[in-house]
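# Structure at a glance
Read off the chains here:
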Amino acid sequence: MKKTRIAIVGLGMAVTPHARGLVDLADGIEVVHAFSPSEARRRAFSDRFPFPTCDSLETILNDASVEAVAVFTPANTHRDIGLACAAAGKHVLMEKPLDITTARAVELVEGCRRAGVTMGVVLQHRFRPAGMKLAQMLADGELGRIVGCSTAIRLWRPQSYYDEPGRGSFARDGGGVLISQGIHTLDLMLSLAGQVDVVTGFATTTPVHRMETEDMVCAAMRFDNGALGTVDATTAAYPGFLEEIVVTGEKGTARLAGTELLVQLQDGPKVAIEADRSAGGTGADPMAFPHDYHRAVMADFAAAIREGRQPKVSGEEALKVHRLIDALIETGRTGAPATVAR
């Protein structure tokens, strides 16, 4: 099999699980360049991973052998870097979120579509075995019609996390707990239960943190199919707890807690998948998780390019969770119900 030739843009904290995954996938993916404008980051990256580095984005854009670019830079750079890659004919794998506003995210997604390049998004929770098992059970109708779906994202980030310049700001991150942390679990929730129609709730910055954006959101939801549910998201819950999605169906209930699944059917066997042994990134160390799911994202993206299909999480798919987050922020700001845009 011909190797997919890719380049990496951004060598900060987010690159580590991706680079580990790419080491594992060396038989099918070749890293041609790894770029950061920081010499110190390039040097530190080279000490850890066997990939060639470069000091210019133009080096990547001008290299005709590069088929795809994986972007792991701050959120406020995503649109411009992604569009430059698309214009150069490169497929794009974008770290979440798509950008700091949905308007900018739409520009990115539409720009990739017009350029005819494949776009994937790193929302790796969809690749956890427990979530994949539950998705299949729901698709097969084993739980019957969904009547409720509630999600809890009770994480912990110390103040030192938000003391990094720009972190927790609208200008760099686009928001707080929802777009920076909760986006993964909210995306998984939507992939399981379907789109949300309307939300009503509250959003605030608690006294636990000094930051510009929200660190706590509580809301009720009504899904398109009429199911009801709640969202409870925070980074103020010391010491951090597993994210949880509970899906209530006509025939039984499923509980996803991190990487663990328990399904109890009214008339059928109990289904269980044990959790992996990681902390899951729920506490003070946001990178305390295995790289297996990032590797799966990368493998699916490369396969999508070879097979001429959309990746499991395309740009269009990722826009759904962005629009839900917009509605949650709106209801938190106004106190009135907010309809989720389409």
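The following paragraphs examine the structure supplied in this document. No experiment lies behind these values; they were computed from the predicted model shown.

Here the second largest pocket is characterised by a volume of approximately 250 Å³. Together, 13 residues line the second largest pocket, and I100, T101, F170, G174 and D326 are the ones closest to its centre. In terms of residue count, helix α10 (residues 315-334) provides more of the lining of the second largest pocket than any other element does, four residues in total. Residues belonging to the lining of the second largest pocket are distributed by class as follows: six nonpolar, five polar and two charged.

Turning next to the side chain of R128. Relative to the assigned elements, R128 resides in the loop between β6 (119-122) and α6 (129-139). Of the buried charged residues, R128 lacks a salt bridge, with E243 as the closest side chain of opposite charge at 4.4 Å. Beyond its immediate chain neighbours, meaning those up to four positions away, R128 contacts E243, G258, T259 and Y293.

Attention shifts here to the pattern of salt bridges. Two side chains with opposite charge may pair up if their charged atoms get near one another. A full pass over the atoms with the stated rule returns 22 salt bridges. Between R79 and D80 there is a salt bridge, and its shortest N-O distance comes to 3.0 Å. We classify R79 as buried; its relative accessible area is 17%. Residue classification places D80 among the partly exposed residues on the basis of a relative accessible area of 44%. Residues R104 and D99 are paired through a salt bridge, measuring 2.5 Å at the closest nitrogen-oxygen approach. D99 shares its class with R104; the two are buried. What you see here is one network of salt bridges that share partners, running through R126, D187, E317 and K320.

This next bit is on the sheet that holds strand β5 (residues 91-95). Sheet architecture is open: six strands sit in the order β3-β2-β1-β4-β5-β6, paired in parallel fashion. With one partner strand each, in any of the chains shown, β3 (53-54) and β6 form the two edges of the open sheet. Across six bridges, strand β1 (residues 4-9) lies against strand β2 (residues 29-35) in parallel orientation. Following the sheet pairing, V9 is matched in β2 by F35.

With that settled, consider the state of the cysteines. What the rule picks out here adds up to zero disulfides. This cysteine, C54, is not joined by any disulfide, and C85 carries the nearest cysteine sulfur, 11 Å off. Relative accessible area serves as the criterion here: at 9%, C54 is assigned to the buried category. Not engaged in a disulfide, the cysteine C218 finds its nearest cysteine sulfur in C149; these two sulfurs lie 16 Å apart. A residue is classified by how much of its surface remains accessible, and C218, at 34% relative accessible area, is partly exposed.

Extensive coverage of β2 is indicated by the burial of six of its seven residues. Chirality of the crossover, the property in question, places the unit of β1, helix α1 (residues 15-24) and β2 among those that are right-handed. Pairing of β2 with β3 involves two bridges; the strand directions are parallel. Its bridge partner lying in β3, A34 is registered against T53. Read as a crossover between parallel neighbours, the route from β2 over helix α2 (residues 39-48) to β3 is right-handed.

Let us look at α6. For α6, every residue scored as buried is listed here: A130, G131, L134, M137 and L138. Considered in projection along α6, the buried side chains sweep an arc of 125 degrees and stay on one side of the axis. Residues of α6 that are buried sit in contact with β7 (146-154), α8 (177-193), β11 (244-249), β12 (252-257), β13 (260-265) and β14 (271-273). Among the residues trailing α6, G141 stands out with phi positive, at a value near 75 degrees.

It is worth spelling out the sheet that holds β11 at this point. Strand order in the open sheet made by the nine strands is β14-β13-β12-β11-β7-β10-β9-β8-β15, with mixed pairing throughout. Both outer strands of the open sheet, β14 and β15 (338-339), are each paired with one neighbouring strand and no more. Judged from the six bridges that link them, β7 and β11 form a sheet pairing that is antiparallel. Note that in β11 the partner of A152 across the bridge is E244. Helix-sheet contacts for α6 involve β7, β11, β12, β13 and β14, and the interaxial angle to β13 is about 25 degrees. Contacts from α10 reach β8 (196-204), β9 (216-223) and β15 within the one sheet, and its direction differs from that of β8 by about 50 degrees.

Reading the values: rules and limits
Residues numbered from 1 in each chain as written. Predicted model: local features only at pLDDT ≥ 70, side-chain atom pairs only at ≥ 80, totals over all residues. Heavy atoms only, no water. 1 Å grid on protein atoms, 1.4 Å probe; cavity = no way out; pocket = protein on both sides within 12 Å on 5 of 7 lines; lining within 4 Å. Points joined across faces, edges and corners; volume = space filled by probe spheres on them. Helix = DSSP H or I, 4+ residues; strand = E, 2+ residues; numbered from the N terminus. Nonpolar A, V, L, I, M, F, W, Y, C, P; charged D, E, K, R; others polar. Buried < 20%, exposed > 50% of the residue type's maximum accessible area, 1.4 Å probe, protein only. Lys, Arg positive; Asp, Glu negative; His and termini not counted. Salt bridge = Lys/Arg side-chain N within 4 Å of Asp/Glu carboxyl O. Contact = heavy atoms within 4.5 Å. Pairing = 2+ DSSP bridges. Disulfide = S-S within 2.5 Å. Right-handed = clockwise from strand over helix to strand, strands pointing away. Arc of directions from axis to C-beta. Axes fitted to C-alpha atoms, helices over the stretch in contact; angles between N-to-C directions.

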